[in-house]
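One letter stands for each residue in the lines below.
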Amino acid sequence: MSNEIDVLDARLISLLYAEPRIGVLECSRRLGVARGTVQARLDRLAARGVIRGHGPDVDPAALGYAVTAFVTLEIRQRFGHDPVSAHLSDIPEVLEVHTITGSGDLLCRMVARSNADLQRVIDRVMSFEGILRSSTIIALASQIPYRVLPLVAAAAADDR
């Protein structure tokens, strides 16, 4: 199964990003293709993991979590990554965790209601004995928010 997408896939993904509640029939009308084509493309993109969900895109700041921080964790190697990740998954303010190379072992994206609340979240993270130390960077502003549409367009252009 190819990892590539074509221009129609890119147009479909862009349309769904712009209007997540749009139906298959309306997608087919706007894209100028048959409804079955749109459904088959969606099914194929979902099966390949290109499209991972159709849920709402939630802004943590709108929920009251205005502080975003990136935290590098060093872990005790004898514990391994899995127990630490299980601990972190129990903390709702931990949005993402990635195993990394470099001076740390894990990179986490976290949110908090305030700087003082961020200290509470970090204290909870550090309460696990498998974590040795942390290094925190607080984001002041988001210059380029998380995005994938430019990547989708580039992937479709590579197919030409």
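Our structure is the block above this text.
Residues numbered from 1 in each chain as written. Predicted model: local features only at pLDDT ≥ 70, side-chain atom pairs only at ≥ 80, totals over all residues. Heavy atoms only, no water.

With that settled, consider the overall build of the chain. Scanning the chain for helices and strands turns up six helices and four strands. Each helix and strand of the chain, ordered N terminal to C terminal, gives the series α-α-α-β-α-β-β-α-β-α. A compact globule built from 160 residues should have a C-alpha radius of gyration of about 15 Å, whereas the chain, at 20 Å, is more than 25% larger. Overall, the chain is about 55 × 35 × 25 Å in size when its C-alpha atoms are taken along their principal axes. By residue count, 30% of the 160 residues in the chain fall in the buried class. Roughly 10,400 Å² of accessible area belongs to the chain as shown, and the carbon and sulfur atoms make up 53% of that amount. Side-chain charges in the chain split into 18 positive and 19 negative, and the spacing between the mean points of these groups amounts to 4 Å. (Helix = DSSP H or I, 4+ residues; strand = E, 2+ residues; numbered from the N terminus. Rg over C-alpha atoms; globule rule 2.2 N^0.38 Å. Buried < 20%, exposed > 50% of the residue type's maximum accessible area, 1.4 Å probe, protein only. Areas by Shrake-Rupley, 256 points an atom, 1.4 Å probe, with all protein chains shown as cover. Lys, Arg positive; Asp, Glu negative; His and termini not counted. Charge placed at Lys NZ, Arg CZ, Asp CG, Glu CD.)

Let us now look at the sheet that holds strand β3 (residues 106-112). If you walk across this open sheet you meet the four strands as β2-β3-β1-β4, and the pairing is antiparallel. Of all strands in the sheet, those bounded by a partner on one side alone are β2 (94-99) and β4 (131-139). Strand-to-strand twist across the sheet, computed as the mean angle between neighbouring axes with direction ignored, equals 20 degrees. Contacting β1 (67-75), β2, β3 and β4, helix α4 (residues 81-89) crosses the sheet at an angle of about 5 degrees to β3. Lying over the sheet, helix α5 (residues 115-126) contacts β1, β2, β3 and β4, oriented at roughly 155 degrees with respect to β4. (Pairing = 2+ DSSP bridges. Axes fitted to C-alpha atoms, helices over the stretch in contact; angles between N-to-C directions. Contact = heavy atoms within 4.5 Å.)

Turning our attention to the packing of helix α2 (residues 24-31) against helix α3 (residues 35-47). Interhelical geometry of α2 versus α3 gives an angle of 110 degrees and a closest axis separation of 8 Å. Between α2 and α3, the interaxial angle falls into the category roughly perpendicular. In this structure, α2 crosses over α3, and the sense of that crossing is right-handed. Contacts from Val24, Leu25, Cys27, Ser28 and Leu31 in α2 reach Arg35, Val38, Gln39 and Leu42 in α3. When its residues are assigned to classes, the contact of α2 with α3 shows six nonpolar, two polar and one charged. (Parallel < 35°, antiparallel > 145°, perpendicular 65-115°, else oblique. Left-handed = near helix turned anticlockwise from the far one by under 90°. Nonpolar A, V, L, I, M, F, W, Y, C, P; charged D, E, K, R; others polar.)

Further remarks concern the nonpolar core. Judged by nonpolar contacts, the single largest core of 18 residues is most densely connected at Leu73, Leu88, Met110, Val125 and Ile131. The set of elements that each furnish at least two residues to this core consists of β1, α4, β3 and α5. Ranked by residue count, the leading element in this core is β1, at five residues. Here Leu73 is in contact with Leu88, Gly104, Asp105, Leu106, Cys108, Val125, Met126, Ile131, Arg133 and Ser134, once residues within four sequence places are set aside. Ranked by size, the runner-up nonpolar core spans 17 residues in total, among them Ile5, Cys27, Val38 and Ile51. (Core = buried A, V, L, I, M, F, W, Y, C linked by side-chain atoms within 4.5 Å.)

With that out of the way, let us pick up the side chain of His87. Mapping His87 onto the fold places it in helix α4. A polar contact is formed between the side chain of His87 and the backbone oxygen of Arg124, at a distance of 3.1 Å. Among residues more than four places away in sequence, those in contact with His87 are Arg124, Val125, Ser127, Phe128 and Ile131. (Polar contact = N/O pair within 3.5 Å; in protein donor to acceptor, adjacent residues only side chain to side chain.)

Moving on, we come to the pattern of salt bridges. As enumerated under the stated definition, the model contains ten salt bridges in all. Across the pair Arg30 and Glu19 runs a salt bridge, and its minimum N-O distance is 2.3 Å. A residue pair is termed long-range when its members are at least 10 positions apart, and Arg30 in helix α2 and Glu19 in the loop between α1 (7-18) and α2 qualify at eleven residues. Residue Arg30 is classed as partly exposed on the basis of its relative accessible area, which comes to 38%. One salt bridge in this structure joins Arg120 and Asp117, with 2.6 Å as the shortest N-O distance. Residue Arg120 and its partner Asp117 are located together in helix α5, separated by three residues, close to a single helical turn. On the accessibility criterion, Arg120 (38% relative accessible area) is partly exposed. (Salt bridge = Lys/Arg side-chain N within 4 Å of Asp/Glu carboxyl O.)

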